[in-house]
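Chain by chain, the residues:
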Amino acid sequence: MIKLTRQDLIDILYGATILGTGGGGSLSDGIKKIDEALNLNKEFILVDFDELEDDDLIATPYSCGAISPLTEEEIKKYEGLPVTEEASHVIALREMEKYLGKEVKAVISTELGGGNTAIAFYSGAMAGKYIVDADPAGRSVPELQHSTYYLNNVSIHPMSLVNKFGESVIITNVVNDFRAESLVRALAVVSQNSIAVVDHVEPTKTLKKAVIRGAITNALKIGRAYRTAKENNEDISEKIADSGKGKVIFKGCIFSNDWDTLEGFTVGTLTIKGSGEYNNDEFKVWYKNENIITWRNGKYDAVVPDLICIFNEDEKEPLLNPYGKEGMKVSVIVLPAPKEWTTEKGLKTFGPRHFGHDIDWKPYI
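Residues numbered from 1 in each chain as written. Predicted model: local features only at pLDDT ≥ 70, side-chain atom pairs only at ≥ 80, totals over all residues. Heavy atoms only, no water.

1. A closer look at the pattern of salt bridges
Which entries qualify depends on this criterion: Take a side-chain nitrogen of Lys or Arg and a carboxyl oxygen of Asp or Glu: if they are within 4 Å of each other, that pair is a salt bridge. Put simply, DSSP H or I for four residues or longer makes a helix, DSSP E for two residues or longer makes a strand, and each gets a number counted from the N terminus. Burial classes follow relative accessibility: with a 1.4 Å probe on protein chains only, a residue under 20% of its type's maximum area counts as buried, one over 50% as exposed, and anything between as partly exposed.
One pass over the full model with this rule turns up 24 salt bridges. Residue Arg6 is joined to Asp35 by a salt bridge in which the shortest nitrogen-to-oxygen separation is 2.7 Å. With a gap of 29 residues between them, Arg6 in helix α1 (residues 6-19) and Asp35 in helix α2 (residues 27-39) connect regions that are remote in the sequence. Of the residues examined, Arg6 reaches a relative accessible area of 42% and is grouped as partly exposed. Judged by its relative accessible area of 22%, Asp35 falls in the partly exposed class. Its salt-bridge partner being Arg213, residue Asp50 comes within 3.4 Å of it at the nearest N-O pair. Of this pair, Asp50 sits in the loop between β2 (45-47) and β3 (57-65) while Arg213 is found in strand β10 (residues 212-213), placing the two residues 163 residues apart along the sequence. For Arg213, a relative accessible area of 38% gives the class partly exposed. The network of salt bridges with shared partners includes Asp11, Arg227 and Glu231.

Set out below in structure tokens:
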């Protein structure tokens, strides 16, 4: 059991953003939430499953929606609606406890990302819950069924949903995770592209066999490697790659970044023109919230479930997909996929064919 310091929390969020592969929500918003809770003297207590009782309930709070900035049209559409003062995720957690008639003891992050990891931490701190050192993705992922919960047949319902306007619903039953994705995404679309969700509320004895243990500790390790490399003026992308047992596979400048918000996802293609040893080469990345498929000079290169991480060399920061600007210097890092995604079911759920590409995944590293 560890009481996390602010530096620990910042390192975790930076590591989670790097592991978020271009998605996972806003890092700056995540840091604001952490500081808000700390300013209220809330504590962030990280625990292992072994420090919880078998019957303690654990919940998964997160946001579902697009990561792209809101357009003027989208902002205007919701003018006049009241916005809740209390965080919608905390409300959703409380509504879940009310529905179950039971107390939730701890929370777990749904994915690694600057936004969603912070949301789980913030919800836990504000509601006085422990934070579990694990997650069901080991990275960031675009769809609800992209989780080790699904791979291990853990039920997603009941689901508690609350939007920023205070509108709430409990989904008591859903056919499967794919239907849950469709239902929740539809509600996100009509909630200014983001909605708070709390789901997979299960006892410790169920979840400890269905997630990637140590995921938060891994994010902390990556975040510390990033910070120390930055402080020591070292090659940050190389240090990140070394820390994650991966490899820097491309360097260059962004030539174009074309994206749109489609059905609740940020979907786009980033094109990088190579420099240095990659001069005259071209690298393309297709993303659906997260970096999914890449091509080098027109041929498939790294693909999911491997982690494709893009680093902004100009600002020395991990890059969130829609914010890649023309002329920005970047590095592309590939980190190995968690083993859970390399099984037959894992690849069927989160391999390149799921996204419509007729190729098989092969480990890049």
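2. Focus on the sheet that holds strand β14 (residues 290-296)
To keep it simple, the criterion reads: Paired strands, in this sense, are two strands between which DSSP finds at least two bridges.
Taken in spatial order, the eight strands make up an open sheet running β15-β14-β13-β12-β11-β18-β16-β17, and their pairing is antiparallel. Both outer strands of the open sheet, β15 (299-303) and β17 (317-318), are each paired with one neighbouring strand and no more.

3. A short note on the packing of α1 against α2
The following threshold applies: Only the stretch in contact is used when fitting a helix axis, every axis being a line fitted to C-alpha atoms; angles between N-to-C directions are given from 0 to 180 degrees. Small angles under 35 degrees read as roughly parallel and large ones over 145 as roughly antiparallel, with 65 to 115 read as roughly perpendicular and the rest as oblique. Whether a crossing is left-handed or right-handed is set by the direction in which the near helix is turned from the far one by less than a right angle, anticlockwise for left-handed and clockwise for right-handed. Residue contacts are defined here by distance: any two heavy atoms, one from each residue, within 4.5 Å place the two residues in contact. All residues other than Ala, Val, Leu, Ile, Met, Phe, Trp, Tyr, Cys, Pro, Asp, Glu, Lys and Arg, Gly among them, are scored as polar; the first ten of these are nonpolar and the last four charged.
Between α1 and α2, whose axes approach to 10 Å, the crossing angle comes to 160 degrees. Taken as axis vectors, α1 and α2 run roughly antiparallel relative to one another. Between α1 and α2 the crossing geometry is right-handed. Contacts between α1 and α2 pair Arg6, Leu9, Ile10, Leu13, Tyr14 and Thr17 from the former with Leu27, Gly30, Ile31, Ile34, Asp35 and Leu38 from the latter. Its residues placed into classes, the contact of α1 with α2 shows eight nonpolar, two polar and two charged.

4. Some thoughts on the packing of aromatic side chains
For clarity, the cut-off: When two rings of Phe, Tyr or Trp (its six-membered ring) have centres within 6.5 Å they constitute a pair, described as stacked for plane angles under 30 degrees, edge-to-face for angles over 60, and tilted for the intermediate range. Put simply, a charge is over a ring when the Lys NZ or the Arg CZ is close to the ring centre, within 6 Å, and near the line of the ring normal, within 35 degrees.
Inspection of the entire model under this criterion finds ten aromatic pairs. Arranged with centres 5.5 Å apart and planes meeting at 85 degrees, the rings of Tyr150 and Phe178 form a pair that is edge-to-face. Placement of Tyr150 in helix α6 (residues 148-151) and of Phe178 in helix α7 (residues 177-189) is noted, with a sequence separation of 28 residues between them. Put simply, the rings of Trp286, Trp341, Phe350 and Phe355 touch in pairs and so form one group of aromatic residues. The positively charged end of Arg185 is found above the aromatic ring belonging to Phe265, 3.7 Å away from the centroid. Taking the ring centre of Phe265 as reference, the NZ or CZ of Lys288 above it sits at 4.3 Å.

5. A short note on a nonpolar patch on the surface
Stated formally: For patch detection, residues must exceed 30% relative accessible area and be free of salt bridges, and they are connected within 9 Å for like charges or within 5 Å for nonpolar side chains (Val, Leu, Ile, Met, Phe, Trp, Tyr). Areas reported here follow the Shrake-Rupley algorithm with a probe of radius 1.4 Å; residue values treat only the protein chains shown as occluding.
On the surface, a nonpolar cluster with roughly 270 Å² of combined accessible area is contributed by Val169, Leu187, Val189 and Val190. On the secondary structure map, Val190 appears in the loop between α7 and β9 (194-203).

6. Points about the side chain of Asp56
Our working rule: Only four residue types enter the tally: Lys and Arg on the positive side, Asp and Glu on the negative side; His and the chain ends are excluded. For this analysis, a polar contact is any N or O atom pair within 3.5 Å, provided that within protein one partner can donate a hydrogen and the other can accept it, and provided that sequence-adjacent residues contribute only side-chain to side-chain pairs.
With respect to the helices, strands and loops of the structure, Asp56 is situated in the loop between β2 and β3. Comment: no salt bridge for buried Asp56; closest opposite-charge side chain is Lys105, at 5.3 Å. At a separation of 2.9 Å, a polar atom in the side chain of Asp56 contacts the main-chain amide nitrogen of Glu53.

7. Quick notes on the sheet that holds β9
Spatially, the eight strands line up as an open sheet ordered β1-β2-β5-β4-β3-β9-β7-β8, and their pairing is mixed. Strand pairing shows two members of the sheet lacking a second neighbour, β1 (2-3) and β8 (168-171), which therefore form its edges. With two bridges connecting them, strand β4 (residues 106-107) and strand β5 (residues 130-132) associate as parallel partners. Among the inter-strand pairings, Ala106 is bridged to a residue of β5, identified as Tyr130. On the sheet, helix α4 (residues 88-100) packs against β3, β4, β7 (159-162), β8 and β9 and is oriented at approximately 40 degrees with respect to β9.

8. Side note on the nonpolar core
Just so we agree on the cut-off: Take the buried residues of types Ala, Val, Leu, Ile, Met, Phe, Trp, Tyr and Cys, join any two whose side-chain atoms come within 4.5 Å, and each joined set is a nonpolar core.
Counting residues in hydrophobic clusters, the biggest one holds 50 residues, and the most contacted among them are Phe44, Phe121, Ile240 and Ile333. No other element matches the eight residues that α1 contributes to this core. Beyond its immediate stretch of four places on either side in the chain, Phe121 contacts Leu4, Leu9, Ile12, Ile34, Phe44, Ile131 and Ile216. By size, the runner-up hydrophobic cluster in this structure holds 17 residues, among which are Phe283, Val285, Tyr287 and Ile310.

9. A short note on the environment of Trp341
With respect to the secondary-structure elements, Trp341 resides in the loop between β18 (329-335) and α11 (344-350). By relative accessible area, which is 0% here, Trp341 ends up buried. Between the C-alpha atom of Trp341 and that of Val304, which follows or precedes it by 37 residues, the distance is 9.0 Å. Beyond its immediate sequence surroundings of up to four residues, Trp341 is in contact with Pro136, Ala137, His146, Ser147, Thr148, Leu151, Pro305, Gly346, Leu347, Thr349 and Phe350.

That is the geometry; function is a separate question.
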